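Close look at the chain arrangement
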Amino acid sequence: MSANPSPRPVRSKSLGIGRVLVAVYGILAIAATGRSVFQIIDRFAEAPLAFSLSALSAVVYLVATIALVAPGVTWYRVARLTIGFELVGVLVVGTISLVAPGLLGLNSINPFGRESTVWSAYGLGYLLIPLALPVLGLLYLRTRRPAGAEADLPV
């Protein structure tokens, strides 16, 4: 028996809630990519801004997925920035899609409609997961802050 206690296991992003977050981000990356590619190829002229926002959301979900998995302070910062951007995007696009859908080129506020985006109506077409996910992601990142990342965080 050793006199030195065994080191505490390092908490991994690939376990527990981290694994679920990565999986959901990955699924949304695939869903948003598929949706945006189809919309852009099939009917881009109908709502170019809305379909471009769908493509942007796909990129955001893809980068967030990679950043949540990748180790290190830099990727932690990328994850925090990407997920923060996602939250702002969902809130802004969601609000505009309900209050003034014409600004996005949408004919209605139907979140399941032909022109809707992933973030339309706060992601209602995706069971509001796009609204809840960045909040959960930011809370998760707050509990998994790596050493060296404290200096750039607001108090």
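It should be emphasised that the depicted structure is a prediction, and the values quoted were computed from it without experimental measurement.

Overview of unusual backbone geometry
Despite not being glycine, Ala121 shows a phi value in the positive range, around 50°. Inspection of the secondary structure puts Ala121 in the loop between helix H3 (73-99) and helix H4 (129-143). Although it is not a glycine, Leu127 adopts a positive phi angle of roughly 60°. Within the element layout of this structure, Leu127 appears in the loop between H3 and H4.

Some points on the packing of H3 against H4
Relative to each other, H3 and H4 sit at 150°, their axes nearing to 9 Å. Classed by the angle they form, the pair H3 and H4 counts as roughly antiparallel. The chirality of how H3 crosses H4 is left-handed. Across the interface between the two elements, Tyr76, Ala79, Arg80, Ile83, Gly84, Glu86, Leu87, Val90 and Leu91 of H3 pack against Pro130, Leu131, Leu133, Pro134, Val135, Gly137, Leu138, Leu141 and Arg142 of H4.

Brief notes about the pattern of salt bridges
Tallied over the entire structure, the rule returns two salt bridges. The salt bridge partner of Arg43 is Asp42, with a shortest N-O separation of 3.0 Å. Classification of Asp42 by relative accessible area gives partly exposed; the value is 44%. Between Glu46 and Arg114 there is a salt bridge, with the nearest N and O atoms lying 2.7 Å from each other. One end of the pair, Glu46, is in the loop between helix H1 (17-43) and helix H2 (48-69); the other, Arg114, is in the loop between H3 and H4, with 68 residues separating them in the sequence. Overall, the relative accessible area of 36% leaves Glu46 in the partly exposed class.

A word on the nonpolar core
For soluble globular proteins, nonpolar side chains are generally found buried alongside one another. Core analysis: the biggest nonpolar cluster contains 29 residues, and Tyr25, Tyr61, Leu68, Trp119 and Leu141 have the highest contact counts within it. Per-element tally for this core: the top contributor is H2, with nine residues. Beyond its immediate chain neighbours, meaning those up to four positions away, Leu141 contacts Leu68, Tyr76, Ala79, Arg80 and Ile83.

Re the environment of Ala55
Tracing the backbone shows Ala55 in helix H2. Counting along the chain gives 18 residues from Ala55 to Val37, while the straight-line C-alpha distance between them is 7.3 Å. Setting aside its immediate chain neighbours within four residues, Ala55 contacts Ser36 and Ile40.

Rules and cut-offs
Residues numbered from 1 in each chain as written. Predicted model: local features only at pLDDT ≥ 70, side-chain atom pairs only at ≥ 80, totals over all residues. Heavy atoms only, no water. Helix = DSSP H or I, 4+ residues; strand = E, 2+ residues; numbered from the N terminus. Axes fitted to C-alpha atoms, helices over the stretch in contact; angles between N-to-C directions. Parallel < 35°, antiparallel > 145°, perpendicular 65-115°, else oblique. Left-handed = near helix turned anticlockwise from the far one by under 90°. Contact = heavy atoms within 4.5 Å. Salt bridge = Lys/Arg side-chain N within 4 Å of Asp/Glu carboxyl O. Buried < 20%, exposed > 50% of the residue type's maximum accessible area, 1.4 Å probe, protein only. Core = buried A, V, L, I, M, F, W, Y, C linked by side-chain atoms within 4.5 Å.

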